[in-house]
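Tertiary structure, described
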Amino acid sequence: MNLISKSFLYNFLYFIANQLIKYYNPCQIHKDIDGETVCVYYLKWCCRDCKFLGPNGCTTKCLGCKLHLCTKAANVNAGLYKVFSKMKSIARKHELDGIRRSKKEVMNRLSLKYNEAKSAT
Ligand code: SF4
Ligand code: SF4
């Protein structure tokens, strides 16, 4: 699969995951009484201390994060977890996964790999 197709696949998987997250809202991110952003299960939610976390949430596009559910969220949302697991294996197969890794970083890494393979032939 070439880079353009991989980019398209990335966007497609991200779009589906985003719609499912919006619908099922498994993490229920909200502000606690101290104004801290937290999720439904943990004070130290997934995004804490991430370089991409801005005042209004994630500032990048990260498929790996979009498809991630912790054990508690996965247990409560078993159907969603199953779908995400399938989507994750597609993403992994095409090297589009990675937690806390922007789409730009993923595509740059793939582009480098393609160029290296080309120059080796
Ligand atoms: S995956 Fe789990 S820990 Fe991460 S934000 Fe969602 S509920 Fe919180
Ligand atoms: S890259 Fe992942 S961990 Fe970082 S802010 Fe975005 S969703 Fe959260």
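Residues numbered from 1 in each chain as written. Chains lettered and ligands numbered in written order. Predicted model: local features only at pLDDT ≥ 70, side-chain atom pairs only at ≥ 80, totals over all residues.

**Examining unusual backbone geometry**
Here is the rule we go by: Counts of 20 or more other C-beta atoms within 10 Å of a residue's own C-beta define buried residues, counts of 12 or fewer define exposed ones, and intermediate counts define partly exposed ones; C-beta atoms are placed from the backbone.
Positive phi values are uncommon outside glycine, yet Asn25 reaches one of about 45°. Residue Glu95 is not a glycine yet carries a positive backbone phi of 60°. A residue is classified by how many C-beta atoms lie within 10 Å of it, and Glu95, with 13 of them, is partly exposed.

**As for the packing of helix α1 (residues 3-24) against helix α4 (residues 78-93)**
Here is the rule: The convention used is that axes are lines fitted to C-alpha atoms, helices contributing only their stretch in contact, and that angles between N-to-C directions extend from 0 to 180 degrees. Numbering of helices and strands runs from the N terminus, with a helix taken as a DSSP run of H or I at least four residues long and a strand as a DSSP run of E at least two residues long. By the definition adopted for this analysis, an angle is roughly parallel if under 35 degrees, roughly antiparallel if over 145, roughly perpendicular if from 65 to 115, and oblique otherwise. Here is the rule for handedness: rotate from the far helix to the near one, and if that takes an anticlockwise turn smaller than a right angle the crossing is left-handed, while a clockwise turn gives right-handed. Contact criterion: two residues are in contact if their C-beta atoms, reconstructed from the backbone, are within 7 Å. Side-chain classes follow a simple rule in which Ala, Val, Leu, Ile, Met, Phe, Trp, Tyr, Cys and Pro form the nonpolar group, Asp, Glu, Lys and Arg form the charged group, and the remainder, Gly included, forms the polar group.
Where α1 contacts α4, the two axes come as close as 11 Å, and the packing angle between them is 165°. Put simply, α1 runs roughly antiparallel to α4. Crossing hand, α1 versus α4: left-handed. Residues Leu13, Ile16, Ala17, Leu20 and Tyr24 of α1 form the contact with α4, whose participating residues are Leu80, Val83, Phe84, Met87, Ile90 and Ala91. Residues of the contact of α1 with α4, tallied by class, amount to eleven nonpolar, no polar and no charged.

**So, the environment of Val38**
Relative to the elements of secondary structure, Val38 occurs in strand β2 (residues 37-38). C-beta crowding within 10 Å serves as the criterion here: with 17 such atoms nearby, Val38 is assigned to the partly exposed category. Taking the C-alpha atoms as reference, Val38 lies 27 Å from Val106; in sequence the two are 68 residues apart.

**A short note on α1**
Using the following cut-off: Helix span, as expected, comes to 1.5 Å for every residue beyond the first. This arc corresponds to the set of directions leading from the helix axis out to the C-beta atoms.
Taking 1.5 Å of rise per residue, 22 residues should cover 32 Å, and α1 covers 31 Å from first to last C-alpha, within 8% of that figure. Every buried residue belonging to α1 is among Tyr10, Leu13 and Ala17, and all of these are buried. For α1, the buried positions fall inside an angular range of 80° around the axis, keeping them on one side. Away from its buried face, by an angle of more than 90 degrees, α1 presents the exposed residues Ile4, Ser5, Phe8, Phe15, Gln19, Lys22 and Tyr23. Taken together, the buried residues of α1 touch α2 (63-66), α4 and α5 (103-120). Positive phi shows up at Asn25, right after α1, with a value of about 45°.

**Considering the packing of α1 against α5**
A pair of packed helices can be characterised by two numbers: the angle between their axes and the separation between those axes. Look at α1 against α5: their axes get within 11 Å of each other, and the N-to-C directions meet at 160°. Of the possible angle classes, the one that applies to α1 and α5 is roughly antiparallel. As α1 packs across α5, the resulting crossing turns out to be right-handed. Residues Leu3, Lys6, Ser7 and Tyr10 of α1 touch α5, and the partners they reach there are Lys103, Met107, Leu110, Ser111 and Tyr114. Per-class residue counts for the contact of α1 with α5 are five nonpolar, two polar and two charged.

**A closer look at the nonpolar core**
What counts here: Working definition: the nonpolar core is a set of buried Ala, Val, Leu, Ile, Met, Phe, Trp, Tyr and Cys residues, joined through C-beta atoms within 7 Å.
Among the nonpolar cores identified, the biggest contains 15 residues, and Leu13, Ala17, Leu63, Leu67, Met87 and Ala91 are the most heavily contacted of them. The set of elements that each furnish at least two residues to this core consists of α1, α2 and α4. Leave out the neighbours within four places in its chain, and Ala17 touches Leu63, Lys66, Leu67, Phe84 and Met87.

**Quick look at α5**
With 18 residues, α5 extends 26 Å between its outermost C-alpha atoms, agreeing within 8% with the 26 Å of an ideal straight helix rising 1.5 Å per residue. Of all 18 residues in α5, one are buried; the element is thus mostly exposed.

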